[in-house]
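# Chains, contacts and geometry: an overview
Spelled out, the chains give:
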Amino acid sequence: MTTEEQREQRRREFSEGGANPKYNSSHAKCKRCGKTIYAPMPSNVHLKEWGCPTWTILIVAYLDDRGWKVVRTERFGGDFVCPDCLTDADKNIVHPLECATKANEPYKEWVEKMRQKYQYFEP
């Protein structure tokens with residue numbers, strides 16, 4: 001294994017450690033009610049393999065797939081909003097990019113692998 005392959009493997013392993021559900025950073029939180037959804041951050045090596053340039057773009061696709069939305073605000077980005085808190089007044093929804101929609105499938109498989117690894121299952 002080359003030095004670059006070893007470095008990439010360490011990045012993958014580090015991101016798996018960070019996917020532990022005990023860490024708050026492994027969850028997205030609804031800005032309105034505080035509900036959380038397990039959404040761990042993969043390594044940049046994973047993102048590259050899946051064809052998605054950034055985690056920020058991928059999380060929009062993942063949340064959208066799960067019924068959550070990112071509602072654009074006046075400040076940078078937007079707020080994560082769960083399906084229970086979405087209203088008809090929410091018109092300024094951030095839509096996933098095509099590259100993120102494609103990357104969402106391998107990401108969901110990775111999330112499932114992390115759920116199994118940590119025996120974490122949401123209701």
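For the structure given in this document, a descriptive report is provided here. (Residues numbered from 1 in each chain as written. Predicted model: local features only at pLDDT ≥ 70, side-chain atom pairs only at ≥ 80, totals over all residues. Heavy atoms only, no water.)

### A short note on the pattern of salt bridges
Following the criterion strictly, the structure yields ten salt bridges and no others. Two residues, Lys 102 and Glu 98, come together in a salt bridge whose shortest N-O distance is 3.2 Å. Of this pair, Lys 102 and Glu 98 both sit in helix α4 (residues 98-118), four residues apart, which is roughly one turn of that helix. Note on accessibility: Lys 102 and Glu 98 belong to one class, exposed. Through salt bridges with shared partners, a single network forms among Glu 16, Lys 113 and Lys 117. (Salt bridge = Lys/Arg side-chain N within 4 Å of Asp/Glu carboxyl O. Helix = DSSP H or I, 4+ residues; strand = E, 2+ residues; numbered from the N terminus. Buried < 20%, exposed > 50% of the residue type's maximum accessible area, 1.4 Å probe, protein only.)

### Here we look at the sheet that holds strand β3 (residues 69-72)
Judged by pairing direction, the sheet is antiparallel, and its three strands sit side by side in the order β4-β3-β5 without closing on themselves. Taken across any chain shown, the strands that pair with only one partner, and hence form the sheet edges, are β4 (78-81) and β5 (93-94). The sheet contact formed by β3 and β5 spans two bridges and is antiparallel. Paired with Val 70 across the strands is Val 94, a residue of β5. (Pairing = 2+ DSSP bridges.)

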